[in-house]
Amino acid sequence: MENLENFRKETRAWLEANCPPEMRRSSQSEDDTCWGGRHWKFQSDAQRQWLERMAAKGWTVPEWPREYGGGGLSREEAKILRQTMRELNCRSPLDSFGIWMLGPALLKYGNEEQKREHLPKIARGEIRWCQGYSEPGSGSDLASLQTRAEDKGDQFLVNGSKIWTSYADKADWIFCLVRTDPNAPKHEGISFLLFDMESAGVSTKPIILISGSSPFCQTFFDDVLVPKANLVGKLNKGWDIAKYLLTHERDMIGGMGTTSENRSLGQIAADTVGSHNGMLADTALRSQIAAFEIDALAFRLTMDRAGDMAKVGHAHPAVSSLLKYYGTELNKRRMELVMSAGGTDALEWEGERSREGRSARAWLRSKANSIEGGTSEVQLNIIAKRILGLPGA
Amino acid sequence: MALVLNDEQTMLRDNARGFLAKNAPIAHLRALRDNRDADGFSRALWKNFVQMGWAGILVPQDYGGLGLGHVEAGVVMEELGRTLTPSPFLSTAVLAASAIARAGTDQQKENYLPKIVAGELIATLAVDETAKHHPEKIAMTATRAGNGFKLSGAKTFVIDGHVAKLLIVVARTSGKAGDTAGLTLFLVDASAPGVRSERTSTVDTHNAARITFDDVNASADSVLGKIDAGWDVLEGVLNVGRAAVAAEMVGASEEAFSRTVAYLKERKQFGKAIGEFQALQHRAAHLYCELEVTRAAVLKALQTLDDSYDRAGAIVSVAKARAGLSATLAVNEAVQMHGGIGMTDEFDIGLFMKRVRVCQELFGDSNFHADRLARLNRY
Ligand SMILES: Cc1cc2nc3c(=O)[nH]c(=O)nc-3n(C[C@H](O)[C@H](O)[C@H](O)COP(=O)(O)OP(=O)(O)OC[C@H]3O[C@@H](n4cnc5c(N)ncnc54)[C@H](O)[C@@H]3O)c2cc1C
Ligand SMILES: Cc1cc2nc3c(=O)[nH]c(=O)nc-3n(C[C@H](O)[C@H](O)[C@H](O)COP(=O)(O)OP(=O)(O)OC[C@H]3O[C@@H](n4cnc5c(N)ncnc54)[C@H](O)[C@@H]3O)c2cc1C
């Protein structure tokens, strides 16, 4: 306990000394997020400095082991670091699919060489990864995927296409599910491959979202050669890795709704509908906001509890489905309330005043939360089957 | 603090669950109802609770109690919720004991707490005066008379008010209905001249009373806490009651839910278990999530009462509001998914619905607590 208190003090002092003032302002748009990668253009010197300093301490991935570029922190220490960053309003130095998804999977399933090769580059923001799971014919039924990888001696020959690949046009490498045994039952012929997006035969075509931005692509593989050393885990055993990675993706997406905005919904609404005796003049909206805040606070506690249960070994492996389902539905509700509280102000799509339509675009983007990483219906199926044990689910 | 029960709390839960399943299953509630029991609860069972120390669960060890916290009291409430067991645990061991232990003088604690621990005194809190919970609207008056006071007014839905010997009565010594200032708590003997009590038989076969006070004498020594400044004590005790009732709803709704899931696996229609129909699977899975989210909030509320009693208001409201809504959903889905048999008196599932409706009303329903949270957050 005393050690943790020291750690808290030291962490605070270090962050105050090392986090540039520009990085201690709430981010204004998705562009303020640092994703790293070969082609990353830092928005400012401050963004670069902040990443370099945090990476040098291993604090872009505080809980990873030090030998792979992590901070080697315990769960409690990492929690303190996150809390202190929140208190000081420090931005995240680096966000990436490598940190959220591939890293945890490599730590569990990768061989030593793969860990040494890929993890430090993720931690330092040098390589940006994308996720090649979904295909045009395989969404919720992911295991039906058709992208083929044929055995060609020391290499695989990859052919097929992925879709909804977020940031494929900006990513350096892809972690990709491929079919290596077309004759086996669908879950048993899948392998987990890593390859460079600059490999010959890889191409991407951007797709625009309803929010107007274009973060995802269709990705094509046309006779792409991939060294066999890039197979993670065993041949045809990729499904376990894929699922393990999905639990991390779901935890991450589920937690998104709990990052609090600068202004509470109550404050936003007070400006648009006015107040009467300290209460929002629109009493129906007031009730909806209160109901939302009750659920949001309880959900944050549910995430804490899931972590605490894991620590004492009582976590249910399917709990990430609960967090994903509940957290994303909650986030959609929050964005509906942001729109409702904002009224016509929230409808603006362009211009300074609305910060280029920030509310409207975020509202539209939130609709994807209950689709990406496995839809809400799929999470309910998983809960029904794995937690409730209902038949035929 | 980690949001999990520690080893001792887990042991308490397992013991309570085992004991109640054996000694007070739902058949126990039915027997009290069908025999129109005069007390509405079993004194023999209460004696067993006393022997296990439950009557003194919140009473400090100096007064012979177990000196445990709100989490432990919540653990017992949750188990009582699973078996729908009527008992003076909430009125006496939770509300009265915590009010006296928190606000009592040494003399008052000496007088009452050991008796509560020993099972010799059933005591309760008399607060509500209207059909909806509005503690600041208390209108019952306490006017000075000589060294003491005279109490006049009427209380409704006093839990266990038909058997309690000691009433903790909240009355107005100054101000007007709607003010939080001017309230005072009194320890009143239920057999004092001018006190009249009428048992209310409620939908859930638990017990409450309407109590009228007609110029009832209360001595200066009977004031619990400070004159005119009873609001903080009252809020504290109400928060304890709210969190405890939320825990009871967690127990009741989880039991109703697990019976329902079992039924989904067992009942066959259209040649298969009805649990194979996705229309039911998704509703069951959604309900499971709601119950888990509520459980986290309720545990946090109980822990907060233990760690920072005076700052528990917001989280207690979150817990009570959530518990009310998710338990209501749980019992409604339970009856619906049981089909016709769920509507029968013979089948237990409807009894959960009845108890949850009462718990939802106790110490403020979900709307009350949503409004309270909005006020606390200033909108
Ligand atoms: C913004 C965004 C980013 C994404 N990024 C990536 C990425 O980087 N990499 C990647 O691989 N994928 C990505 N995806 C794809 C995502 O994982 C899929 O969209 C998702 O798995 C659903 O697949 P689908 O779109 O084919 O929908 P479908 O599977 O066709 O589903 C259509 C509807 O049917 C429902 N449904 C399907 N099966 C069932 C069932 N058994 N029971 C009940 N209902 C069912 C679904 O819930 C949904 O409502 C992204 C998606 C979005 C929206
Ligand atoms: C007050 C009352 C009066 C009644 N009066 C009469 C009467 O006069 N005459 C008469 O003949 N009957 C009467 N009934 C019976 C009534 O019609 C049945 O209770 C009803 O049809 C449901 O059947 P069940 O009770 O067997 O439930 P089940 O069929 O066992 O259903 C249990 C649950 O499973 C669900 N379920 C079942 N199949 C599916 C499916 N394929 N997909 C999704 N969900 C499913 C149901 O919706 C329900 O929630 C009465 C019932 C009540 C409660």
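Because the structure is a prediction, the values reported are computed rather than measured. (Residues numbered from 1 in each chain as written. Chains lettered and ligands numbered in written order. Predicted model: local features only at pLDDT ≥ 70, side-chain atom pairs only at ≥ 80, totals over all residues. Heavy atoms only, no water.)

This paragraph deals with the overall build of chain B. Looking only at helices and strands, chain B has eleven helices and ten strands in total. Taken over the C-alpha atoms alone, chain B extends approximately 80 × 50 × 40 Å along its principal axes. Every one of the 379 residues in chain B was classed for burial, and the buried ones make up 60%. Across chain B, the fraction of contacts at a sequence separation of at least 24, relative to all contacts at a separation of at least 6, is 74%. Of the roughly 15,200 Å² that chain B leaves accessible, carbon and sulfur atoms contribute 50%. Distance between charge centroids for chain B: 4 Å, based on 42 positive and 44 negative side chains. (Helix = DSSP H or I, 4+ residues; strand = E, 2+ residues; numbered from the N terminus. Buried < 20%, exposed > 50% of the residue type's maximum accessible area, 1.4 Å probe, protein only. Contact = heavy atoms within 4.5 Å. Areas by Shrake-Rupley, 256 points an atom, 1.4 Å probe, with all protein chains shown as cover. Lys, Arg positive; Asp, Glu negative; His and termini not counted. Charge placed at Lys NZ, Arg CZ, Asp CG, Glu CD.)

A word on the interface of chain B and chain A. Listed as interface residues are 38 residues of chain B and, on the opposing side, 35 residues of chain A. Three residues, B:L3, B:H282 and B:Y379, lead the burial of chain B against chain A; their summed loss comes to 22% of the area buried on that side. Put simply, chain B and chain A have 17 residue pairs in polar contact (both at pLDDT 80 or more) between them. Every element with two or more residues in the side of chain B that touches chain A is listed here: helix 7 (231-266), helix 8 (278-307), helix 9 (313-338) and helix 11 (366-376) of chain B. (Buried area = accessible area lost by both parts, 1.4 Å probe. Polar contact = N/O pair within 3.5 Å; in protein donor to acceptor, adjacent residues only side chain to side chain.)

This brings us to the domain arrangement of chain B. Residues and elements named next belong to chain B. As far as domains go, chain B holds domain 1 (7-121), domain 2 (124-229) and domain 3 (232-376). A C-alpha centroid distance of 21 Å is found between domain 1 and domain 3. Between domain 1 and domain 3, the residue contacts involve 21 residues of the former and 31 residues of the latter. Here domain 1 and domain 3 share an interface that buries about 2,100 Å² over both sides, 67% of which is from carbon and sulfur atoms. The interface formed by domain 1 and domain 3 holds five salt bridges in total. (Domains from an automatic or database assignment. Salt bridge = Lys/Arg side-chain N within 4 Å of Asp/Glu carboxyl O.)

What follows concerns helix 10 (residues 349-361) of chain B. All names here are of chain B. Within the sequence span of helix 10, burial applies to I349, G350, L351, F352, R355, V356, V358, C359 and Q360. Structurally, helix 10 contributes buried residues whose contacts are with helix 2 (26-34), helix 4 (70-83), strand 3 (148-159), helix 7, helix 9 and helix 11. Phi turns positive one or two residues past the end of helix 10, at F363, with a value near 55 degrees.

Here the focus is the domain arrangement of chain A. Residues and elements named next belong to chain A. Per the domain assignment, the segments of chain A are domain 1 (2-123), domain 2 (129-236) and domain 3 (241-387). On a C-alpha basis, the centroid separation for the pair domain 1 and domain 2 is 28 Å. Facing 15 residues of domain 1, the contacting portion of domain 2 comprises 17 residues. The largest share of the area that domain 1 buries against domain 2 comes from R38, F97 and L102, three residues that together contribute 42% of it. For the interface between domain 1 and domain 2, the tally reads two salt bridges. The partner of D196 in a salt bridge is R38, with the nearest N and O atoms 2.8 Å apart. Run the count over domain 1 and domain 2 and you get six residue pairs in polar contact (both at pLDDT 80 or more).

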